Amino acid sequence: MLDDFMLRALLAGIAVALAAGPLGCFVLWRRMAYFGDATAHAAILGVALALWFSISVLAGVLFTSLLMALLVSALIRKGHGIDAALGVLSHAALAIGVVAISFLPGVRLDLQAFLFGDILAIAPRDLAMIWAGALLVTLLLAWRRQSLLTATVSEDLAFASGLDPRREQLILALTLALVVAISLKLVGALLISAMLIIPAAAARPLARNPESMALAALLIALLAVAAGLGAANWFDTPAGPGIVTAATILFALTHLRAVLRSIRGPGS
Amino acid sequence: MKALLRIEGLTVILGGREVLRDVSFEIRPGEIVTVIGPNGSGKTTLLRALIGAVRPKAGRIRRTPGLRIGYVPQRLQLDATMPLTVARFLSLPVRHGAREISAMLARVGIPGLEARQIAELSGGQFQRALLARALLANPQLLILDEPTQALDQPGIAGFYRLIEDIRREIGCAVLMVSHDLHVVMASSDRVICLNTHVCCEGTPAAVLEAPQYRALFGDGTGGLMALYRHHHDHSHESASEGEEKTDAR
Ligand SMILES: Nc1ncnc2c1ncn2[C@@H]1O[C@H](COP(=O)(O)OP(=O)(O)OP(=O)(O)O)[C@@H](O)[C@H]1O
Ligand SMILES: [Mg+2]
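Quick caveat, the model's predicted, so the values are computed rather than measured.

Caption draft 1: Up close: the overall build of chain A. The secondary structure content of chain A amounts to 13 helices and zero strands. For a compact globule of 268 residues, the expected C-alpha radius of gyration is about 18 Å, and chain A comes in at 18 Å, within 12% of that figure. With the principal axes as the frame, chain A shows a C-alpha extent of 60 × 45 × 35 Å. Long-range pairs, those at least 24 residues apart, make up 77% of the contacts in chain A with a sequence separation of at least 6. When the accessible surface of chain A is summed, it comes to about 12,200 Å², and 70% of that surface belongs to carbon and sulfur atoms. Each charge class in chain A can be summarised by its mean position, and for the 17 positive and 13 negative side chains these summaries are 9 Å apart.

The following block contains the structure:
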């Protein structure tokens, strides 16, 4: 039998996989991994903010992550030489967030839960928000996919077709902030971008079209969630690292052929 | 006839440098206009400004409302992490039926490649796939940036024939950048010689006579002129000199 909290973790995990699988593909295709990190790290700052003003953690995280996503989008528009700025932003958000939480008066907070996720953290009222967020992300991506894909293939092709790639970038920034907000409690800020990248990368060898890759990434993320939560249940491993470990194993499996080929050495 | 596209005093600054200065011209329905100019003279930037990808510092670009553009870029680097078949690529951003796609692939000379991954195409095949995608938009204006750069010799001749056929069929205007000077002179209605600003503009014959053109393209011009006459007078001289010039990219 599943305990109540375990069932809630599982339901939250399914929602996270539903959104993170397809969005992760865009993050991979557009080389936005750093973007994902910065947005996820900003979540810790959001937690501090939420505790300070006693608002819901989800709202605080959504606010700071969205702010970070928009800031990074604007930086990317500026063009070259933004790697340093991105690195500074990403790690500064994390460090300042942790420092801010330590300054909060009278709060005894399990910081590790926010960094690595905690299956116990998901309250019944979180579940509705998590599912609403996940469905919003998935539907947005599905609805906009023709223009999102065109802008991802080439901004110039998008412009010539009368689309505005900046608007598509904005949609991705918004969905990224949403995914960070809904996965923070389960996966933890440090591993959210892994939760985006690894299932998508694992899906790559299985797919011949963007849609099939998004679907494969979703299924792989689901498997990883199930395995990671199983491990959390039976071996008491932390939720986020367990899920990401499972996803990594799936990544290794789908890349087995390439791995074997490289072990046998070049020329074979 | 009313212009499809009118550019007035276009000035573009990139990286602090003036890449285009006070460029003005217009494109009318159905005409083939070719932009020529040395490397770095702003040709690609001009086309990108026309599609809205580059914001001009000054000047105006006026399009007929709802203008349908088919665009073939000079370069397109596809990320290897994205799986994409030719058929799926041709359906971005507007979906097309399987039969329509197959017919268009055959038309541009790569029949049967629907299920092939874009990343596995040769340079010339990809160039043709880009053209097929542009044509499926049923464009009123086809914008081509060095569309023959990856094609083999018979391919280049066939390509320009195809462009003229398509123009006749759907009546679209064509604006292209090309270094195939002898073909340009034979198949364009108008030539714009660009070097940050418009050096000279007019019919191929007029541009060849212009001193600005000679200043830009130097000594090979005499041979090219002979070649141009060759096309039009059917005399048989100096063709080899012209070839040499067009090979020097
Ligand atoms: N994004 C950019 N930032 C800064 N400078 C740029 C940018 N794009 C182009 N340039 C500069 O603008 C000038 C014109 O470039 P453009 O690509 O338009 O030339 P071109 O005429 O198409 O050349 P080619 O024949 O080599 O294709 C070049 O000096 C180039 O370095
Ligand atoms: Mg160019």
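Caption draft 2: Inspection of the sheet that holds strand E1 (residues 5-14) of chain B at higher detail. Residue and element names in this part refer to chain B. Judged by pairing direction, the sheet is antiparallel, and its three strands sit side by side in the order E2-E1-E4 without closing on themselves. Of all strands in the sheet, those bounded by a partner on one side alone are strand E2 (17-27) and strand E4 (58-63). Along the sheet, successive strands turn relative to each other by an average axial angle of 20 degrees, direction set aside. Across five bridges, the pairing between E1 and E4 is antiparallel. Each bridged residue has a counterpart across the sheet, and for Ile 7 the counterpart in E4 is Ile 61.

Caption draft 3: Geometry of the interface of chain A and chain B. Counting residues at the interface gives 24 residues for chain A, matched by 29 residues for chain B. Both faces combined, the contact of chain A with chain B buries some 2,300 Å², and carbon together with sulfur accounts for 53% of it. Remark: the boundary between chain A and chain B carries four salt bridges. For Asp 79 of chain B, the salt bridge identified is with Arg 31 of chain A, shortest N-O distance 2.8 Å. At the level of elements, helix H1 (4-29), helix H7 (145-153), helix H8 (155-160) and helix H11 (210-235) of chain A are the ones that each hand at least two residues to the side of chain A that touches chain B. If one sorts the elements of the side of chain A that touches chain B by residue count, H7 of chain A sits on top with six residues. When grouped by side-chain class, the residues that make up the side of chain A that touches chain B number eleven nonpolar, six polar and seven charged.

Caption draft 4: Region of the structure containing the site of ligand 1. Residue and element names in this part refer to chain B. Ligand 1 sits among 15 residues. The nearest are Asn 39, Gly 40, Lys 43, Thr 44 and Thr 45. Contact between ligand 1 and Glu 146: an oxygen atom at 3.4 Å from a side-chain N or O atom of the residue. Against a free-state accessible area of 640 Å², the protein chains account for coverage of 66% of ligand 1. Of all the secondary structure elements, the ones that give two or more residues to the shell around ligand 1 are E2 and helix H1 (43-51).

Caption draft 5: Region of interest: a nonpolar patch on the surface. Residues and elements named next belong to chain A. Among the surface-exposed residues, Ile 249, Leu 253, Leu 256, Val 259, Leu 260 and Ile 263 lie close enough to one another that they form a single nonpolar patch of about 550 Å² accessible area. Among the secondary structure elements, those contributing two or more residues to the nonpolar patch are helix H12 (239-254) and helix H13 (256-263). Here the nonpolar patch gets four residues from one element, more than from any other, and that element is H13. Locating Val 259 in the fold gives a position in helix H13.

Caption draft 6: Inspection of the coordination of the magnesium ion (ligand 2) at higher detail. Protein ligation of the magnesium ion (ligand 2) involves Thr 44 of chain B (OG1) and Gln 74 of chain B (OE1), the donor distances falling in the range 1.9 to 2.1 Å. Placement of Thr 44 of chain B in helix H1 and of Gln 74 of chain B in the loop between strand E5 (69-72) and helix H2 (86-90) is noted, with a sequence separation of 30 residues between them.

Caption draft 7: Expanded view of the pattern of salt bridges. All names here are of chain B. This structure, assessed with the given rule, holds 21 salt bridges over all chains. Measuring nitrogen to oxygen at the nearest pair gives 2.9 Å for the salt bridge that ties Glu 169 to Arg 107. Here Arg 107 lies in helix H3 (residues 98-107) and Glu 169 lies in helix H5 (residues 153-170), a separation of 62 residues in the sequence. With relative accessibility at 54%, the residue Glu 169 sits in the exposed group. Notably, a salt bridge pairs Arg 168 with Asp 165, separated by 3.5 Å at the nearest N-O pair. In this pair, Arg 168 and Asp 165 are both assigned in helix H5, three residues apart and thus about one turn of the helix distant. In this structure Arg 168 comes out as exposed when scored by relative accessible area, which is 61%. It is possible to trace a salt-bridge network through shared partners that takes in Arg 6, Glu 26, Arg 28, Glu 31, Arg 190 and Glu 201.

Caption draft 8: Structural detail: the sheet that holds strand E9 (residues 197-202) of chain B. All names here are of chain B. Pairing within the open sheet is mixed, and its six strands lie in the order E5-E6-E7-E3-E8-E9. Because the sheet does not close on itself, it has two edges, and the strands there are E5 and E9. Each strand of the sheet is rotated relative to its neighbour by a mean of 15 degrees, with strand direction disregarded. Note: strand E3 (residues 32-36) against strand E7 (residues 173-177), four bridges, orientation parallel.

Caption draft 9: Spatial organisation of the domain arrangement of chain B. Residue and element names in this part refer to chain B. Domains assigned within chain B are domain 1 (5-68 + 140-248) and domain 2 (73-138). Together domain 1 and domain 2 conceal approximately 1,300 Å² of surface at their shared face, both sides included; 56% is due to carbon and sulfur atoms. One can count one salt bridge joining domain 1 with domain 2. Inspection of the domain 1/domain 2 interface yields five residue pairs in polar contact (both at pLDDT 80 or more). Elements supplying a minimum of two residues to the side of domain 1 that touches domain 2: strand E6 (141-145) and H5. If one sorts the elements of the side of domain 1 that touches domain 2 by residue count, H5 sits on top with eight residues.

Caption draft 10: Layout of the packing of aromatic side chains. All names here are of chain B. Across all of its chains, the model carries three aromatic pairs over all chains by this definition. Their ring planes at 40 degrees and their centres at 6.2 Å tell us that Phe 89 and Phe 126 sit as a pair that is tilted. Of this pair, Phe 89 sits in helix H2 while Phe 126 is found in helix H4 (residues 123-136), placing the two residues 37 residues apart along the sequence. Residue Phe 89 shares its accessibility class with Phe 126, and that shared class is buried.

Caption draft 11: Examining the environment of Ala 246 of chain A more closely. Residue and element names in this part refer to chain A. Within the fold, Ala 246 resides in helix H12. Given a relative accessible area of 12%, Ala 246 falls into the buried group. Those residues in contact with Ala 246 that lie beyond four places of it in its chain are Ala 224, Ala 227 and Gly 228.

Definitions and cut-offs
- Residues numbered from 1 in each chain as written.
- Chains lettered and ligands numbered in written order.
- Predicted model: local features only at pLDDT ≥ 70, side-chain atom pairs only at ≥ 80, totals over all residues.
- Heavy atoms only, no water.
- Helix = DSSP H or I, 4+ residues; strand = E, 2+ residues; numbered from the N terminus.
- Rg over C-alpha atoms; globule rule 2.2 N^0.38 Å.
- Contact = heavy atoms within 4.5 Å.
- Areas by Shrake-Rupley, 256 points an atom, 1.4 Å probe, with all protein chains shown as cover.
- Lys, Arg positive; Asp, Glu negative; His and termini not counted.
- Charge placed at Lys NZ, Arg CZ, Asp CG, Glu CD.
- Pairing = 2+ DSSP bridges.
- Axes fitted to C-alpha atoms, helices over the stretch in contact; angles between N-to-C directions.
- Buried area = accessible area lost by both parts, 1.4 Å probe.
- Salt bridge = Lys/Arg side-chain N within 4 Å of Asp/Glu carboxyl O.
- Nonpolar A, V, L, I, M, F, W, Y, C, P; charged D, E, K, R; others polar.
- Near = heavy atom within 4 Å.
- Polar contact = N/O pair within 3.5 Å; in protein donor to acceptor, adjacent residues only side chain to side chain.
- Patch = residues over 30% accessible without salt bridge, like charges linked within 9 Å, V, L, I, M, F, W, Y side chains within 5 Å.
- Donors = N, O, S within 2.8 Å, 3.2 Å for Na, K, Ca; no water.
- Buried < 20%, exposed > 50% of the residue type's maximum accessible area, 1.4 Å probe, protein only.
- Domains from an automatic or database assignment.
- Phe/Tyr/Trp six-rings, centres within 6.5 Å; stacked < 30°, edge-to-face > 60°.

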